[in-house]
Protein chains: 2
Amino acid sequence: MNGEIICIGTELLLGDVLNTHSAFIARSVAPLGINIYYHTVVGDNENRLRQTVKQSLERSDIVFMTGGLGPTYDDITKNIVYSELGLTSFIDEVALQKLQSYFDKIGRPMTDNNIGQVMRTENSFFFENDFGTAPGVCVTQNGKTIIMLPGPPRELVPMVENKVMPYLMKLTDRVLYSRYLRYFGIGESALEAMLSDIMKVSVNPTVAPYVDNYEAKLRVTASSDKLENAKKSVDIMVEKLLNLTGEYCYGVDVNGLEDALVKLCTEKAVKITTAESCTGGLISERITSVPGASAVLDMALCCYANSAKIKLLGVSPLTLELFGAVSKETAREMALGALKVSAADFAVSVTGIAGPDGGTAEKPVGTVFIAVAGKDGSCNVQKLSLGTRTRSRGDIRFLASSHALKALLDAVKE
Amino acid sequence: MNGEIICIGTELLLGDVLNTHSAFIARSVAPLGINIYYHTVVGDNENRLRQTVKQSLERSDIVFMTGGLGPTYDDITKNIVYSELGLTSFIDEVALQKLQSYFDKIGRPMTDNNIGQVMRTENSFFFENDFGTAPGVCVTQNGKTIIMLPGPPRELVPMVENKVMPYLMKLTDRVLYSRYLRYFGIGESALEAMLSDIMKVSVNPTVAPYVDNYEAKLRVTASSDKLENAKKSVDIMVEKLLNLTGEYCYGVDVNGLEDALVKLCTEKAVKITTAESCTGGLISERITSVPGASAVLDMALCCYANSAKIKLLGVSPLTLELFGAVSKETAREMALGALKVSAADFAVSVTGIAGPDGGTAEKPVGTVFIAVAGKDGSCNVQKLSLGTRTRSRGDIRFLASSHALKALLDAVKE
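The paragraphs below set out a description of the structure included in this document. (Residues numbered from 1 in each chain as written. Chains lettered and ligands numbered in written order. Predicted model: local features only at pLDDT ≥ 70, side-chain atom pairs only at ≥ 80, totals over all residues. Heavy atoms only, no water.)

The next point concerns the overall build of chain A. Secondary structure assignment for chain A yields 15 helices and 17 strands. Split into buried and exposed, the 414 residues of chain A put 55% on the buried side. Taking as baseline every contact in chain A between residues at least 6 positions apart, the subset at least 24 positions apart corresponds to 66%. Carbon and sulfur atoms form 51% of the exposed surface of chain A, whose accessible area is close to 17,700 Å². Computed over 42 positive and 47 negative side-chain charges, the inter-centroid distance for chain A is 4 Å. (Helix = DSSP H or I, 4+ residues; strand = E, 2+ residues; numbered from the N terminus. Buried < 20%, exposed > 50% of the residue type's maximum accessible area, 1.4 Å probe, protein only. Contact = heavy atoms within 4.5 Å. Areas by Shrake-Rupley, 256 points an atom, 1.4 Å probe, with all protein chains shown as cover. Lys, Arg positive; Asp, Glu negative; His and termini not counted. Charge placed at Lys NZ, Arg CZ, Asp CG, Glu CD.)

And the structure:
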């Protein structure tokens, strides 16, 4: 089935708002065998929108449209679609009553503008909107399907996930099942090279590589007429992929390094702590972004100044003087010091030069030391060179935090 | 001048990569009077790409194309454009020599594929690529201008900013000048309402509102034939806007709350520190994302567990027992404690319930207390209710960190 996506909105056209809908919809429907061949953004202009709709009906079996369903005067999507399909619209009395009782509940009057939201035609039905007033609409005519969705992401995303996808699975007679493998420390292209034989022939399940914040991710998705069959073939493929790439894969079905770390620590009842310099709190921020992190992280110290490293972490002034704040020795003392201050089983420390200033010939921007200390007295330090011509301060800080999380994860695993 | 943007790439079409180019280009060229009426994404398919190019030449004066300029076999953009314009291409010998010397320098052989990158036609010229091998191309024919740009953002963004924009300013005989006003604590719609009279009539300079991480931002842009004229009219408009909205505006030409804070502290030689609970290091992370933050932030403490609040910040166990960790009293003691531990002039503390779990009827998810303590003994605490049906843990944490930065900024200002 061939499809396309049309997103409507002057704010998208002007670039004031980024269009995330097209990518989201395309990625969602691809495993159902719906081939998206065009994304288009147009404004609220009636003429241009009508031309775009007309063209889409000529070349696609299914058209996804977003935006232009609200109550304001420039929301003309539905009228144009209905007239291009040659259908007459009427008020859906059930939807109208629901809308009326919603306005009664919030104590605001329903205006005539709102009534446009509950207009539909023959061969159509609504997708209920759990996060707004404008319902989505599905209309089929002459073998073409048009799905109109609300513009705000908070309304569109759950509608697609919870209402549209189940409908499309029925329509295409397919169910979907996906799993994710996550890699750190190996590039997407190296990963693809390792897996090229598998990826070339994998049609169902498909194996799709993504790059995500300097990590590589594989999505394995199968479609089938039965969920258990889809699951089975995904599981077999995941097994195969892990056999080939297991040493680089840090987690299956986890939401990133911080999620894998919090899960593992919770499972093992291990407590961790952090002592950050150049990352400035980013590591603890990432860890605590995971719900339930409070059970594994009791405190986190960010010691930017040398005086703070001495006072809070007990780093020796002599070490700082002899080797500098950005050194193997300081990283080691920071991690050991954090372990002593806290009640944690493992501590990770980071010290480095994030730039743009502060680099020297000996220690250029991007020089980072990471130490992981364990209660058993172990302490491993690694030196990283993360600077490149195009990496920003933010890039270097993020990468340093990922390396620190990975080092901690490896230590806890052992 | 009417324009459109065509982005080429299967990875965009499948939604594996988000299309940020269309918005970036549209936003960049709008103040030059170039009206973008369509964004299109198509894959590497020759037929569909050709149709899209043909259509764009019928309806637009200027067409921006991204992607499909590299050396790989599916990079067909240029050939299609040249043939649709009826132009014959040839090798640009100067560009070829540059490319050859680049490959000599990196010690890798130049393949035949690379030669496609330096093919151009009559009435065309290259935009040099400072971050990759594929140059951009500008070709004009029959009153139409086509600008072809490389796909990777790290190549495209600087090429647009440094090469394409100066060319377009010459083409349209305009120079641009912009300034930004930033607001926190007032919504975009409230801001628009306050400024509706100005915004309706503002054609040059234009006043465009943006929403950016729960902040409102106004971009004031003027175009003129002379830079000093553009500057002058922008400055007059900024003055007008500040007269109307100055009390909500926290900074002009700054990159967010953290940037405004670090700048102000640097200016006033003020040191700050943070004591975070539910934000988990996000506040210190945001502060240290600003280059030069080391001069104003000497340490930052993240005390998730009660034991850490007691041990590191000196919060009284009785306070925690009587009022709870999420309370006015605990926030106050955290801020005062942080001030004592550090050598800072001001401390901010945050304690709250970020969710998704942990909320109660009395203290629902989103309840956050923020305290700012000063060396003069002052300490102000505010209670916020940041929870809504659709806000995630991440949203609440981010908003809490913004409120904390704003409170600190206000305190340092006084």
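Its 14 residues give helix H3 (residues 46-59) of chain B an end-to-end C-alpha distance of 20 Å, which sits within 8% of 20 Å, the value for a rise of 1.5 Å per residue. Of all the positions in H3 of chain B, only Leu49, Thr52, Val53, Ser56 and Leu57 of chain B are classed as buried. Seen from one end, H3 of chain B has its buried residues packed into an arc of 135°, which puts them on one side. Structural note: H3 of chain B exposes Asn47 and Glu58 of chain B on the side pointing more than 90 degrees away from its buried face. Tucked inside the fold, the buried residues of H3 of chain B contact strand E2 (35-42) of chain A together with strand E1 (2-8), strand E2 (35-42), strand E3 (62-66), helix H4 (77-84) and strand E8 (144-149) of chain B. Backbone nitrogen of asparagine 47 of chain B and a side-chain oxygen of the N-cap are separated by 3.1 Å at the start of H3 of chain B; the cap is asparagine 45 of chain B. (Expected span 1.5 Å × (residues − 1). Arc of directions from axis to C-beta. Polar contact = N/O pair within 3.5 Å; in protein donor to acceptor, adjacent residues only side chain to side chain.)

To continue, consider the relation of the copies chain A and chain B. Each copy of the sequence occupies a distinct position, and chain A is placed on chain B by a rotation of 180° and an axial shift of 0.1 Å, giving an RMSD of 0.1 Å. Read as a symmetry element, the transformation amounts to a two-fold axis. (Least-squares fit on C-alpha atoms with pLDDT ≥ 70 in both.)

The next point concerns the sheet that holds strand E10 (residues 206-212) of chain B. Residue and element names in this part refer to chain B. Reading across the sheet, the 4 strands line up as E10-E11-E9-E12 and stay open at both edges, with antiparallel pairing between neighbours. Among the strands making up the open sheet, the edge pair consists of E10 and strand E12 (249-252). The average angle at which neighbouring strand axes cross in this sheet is 25°, direction not considered. One ladder, built from 9 bridges, connects strand E9 (residues 175-183) with strand E11 (residues 215-224); its direction is antiparallel. Bridge pairing in E11 links leucine 176 to serine 223. (Pairing = 2+ DSSP bridges. Axes fitted to C-alpha atoms, helices over the stretch in contact; angles between N-to-C directions.)

Time to look at the packing of helix H12 (residues 306-313) of chain B against helix H14 (residues 328-341) of chain B. Residue and element names in this part refer to chain B. It is the contact of H12 with H14, at a shortest axis distance of 9 Å, that shows an interaxial angle of 40°. Between H12 and H14, the angle falls in the class oblique. Contacts between H12 and H14 pair Lys309, Leu312 and Leu313 from the former with Thr330, Glu333, Met334, Gly337, Ala338 and Val341 from the latter. In terms of residue class, the contact of H12 with H14 is built from 5 nonpolar, 2 polar and 2 charged. (Parallel < 35°, antiparallel > 145°, perpendicular 65-115°, else oblique. Nonpolar A, V, L, I, M, F, W, Y, C, P; charged D, E, K, R; others polar.)

Let us look at empty space enclosed by the protein. Taken as a whole, this structure holds 4 cavities of 30 Å³ or more when the rule is applied. Lining the largest cavity are 17 residues; nearest its centre among them are Asn19 and Val41 of chain A together with Asn19, Ser22 and Val41 of chain B. Taken together, the elements giving at least two residues each to the lining of the largest cavity come down to helix H2 (21-29) and E2 of chain A together with helix H2 (21-29) and E2 of chain B. Its residues assigned to classes, the lining of the largest cavity comprises 9 nonpolar, 8 polar and no charged. Roughly 50 Å³ of internal volume is contained in the second largest cavity. Lining the second largest cavity are Glu276, Gly281, Ser284, Ala300, Leu301 and Cys302 of chain A together with Glu276, Gly281, Ser284, Ala300, Leu301 and Cys302 of chain B. Elements with a contribution of two residues or more to the lining of the second largest cavity: strand E14 (297-303) of chain A together with strand E14 (297-303) of chain B. (1 Å grid on protein atoms, 1.4 Å probe; cavity = no way out; pocket = protein on both sides within 12 Å on 5 of 7 lines; lining within 4 Å. Points joined across faces, edges and corners; volume = space filled by probe spheres on them.)

This paragraph deals with the packing of aromatic side chains. The tally for this structure, following the rule as stated, stands at 8 aromatic pairs over all chains. Ring centres of tyrosine 102 of chain B and phenylalanine 103 of chain B lie 5.5 Å apart, and the angle between their planes is 80°; on these two criteria the pair is classed as edge-to-face. You can call phenylalanine 103 of chain B buried: its relative accessible area is 4%. An aromatic cluster is built from Phe125, Phe127 and Tyr167 of chain A, whose rings are joined through pairwise contacts. Looking at arginine 48 of chain A, its charged tip hangs above the ring of tyrosine 37 of chain B, at a distance of 3.5 Å from the centre. Above the ring of tyrosine 38 of chain B, the side-chain terminus of arginine 59 of chain B is found at 3.5 Å from the ring centroid. (Phe/Tyr/Trp six-rings, centres within 6.5 Å; stacked < 30°, edge-to-face > 60°. Lys NZ or Arg CZ within 6 Å of the ring centre and 35° of its normal.)

Let us look at the side chain of glutamate 276 of chain B. Residue and element names in this part refer to chain B. Take glutamate 276: it is sitting in strand E13 (residues 272-276). Although buried, glutamate 276 forms no salt bridge, and the nearest oppositely charged side chain, arginine 397, lies 7.3 Å from it. In terms of polar contacts, glutamate 276 uses its side chain to reach the side chain of threonine 279, at 2.7 Å. Setting aside residues up to four positions removed in sequence, glutamate 276 forms contacts with Gly281, Leu282, Ile283, Ser284, Leu301, Cys302, Cys303, Met334 and Val350. (Salt bridge = Lys/Arg side-chain N within 4 Å of Asp/Glu carboxyl O.)

Reading across the sheet, the 12 strands line up as E6(A)-E7(A)-E8(A)-E3(A)-E1(A)-E2(A)-E2(B)-E1(B)-E3(B)-E8(B)-E7(B)-E6(B) and stay open at both edges, with mixed pairing between neighbours. Each edge of the open sheet carries a strand with a single partner, namely strand E6 (124-127) of chain A together with strand E6 (124-127) of chain B. Sheet twist, expressed as the mean angle between neighbouring strand axes with direction ignored, is 15°.

It is worth spelling out the environment of aspartate 410 of chain A at this point. Secondary-structure assignment places aspartate 410 of chain A in helix H15 (residues 393-413). Along the primary structure aspartate 410 of chain A and glycine 151 of chain A are separated by 259 residues, whereas in three dimensions their C-alpha atoms are 43 Å apart.

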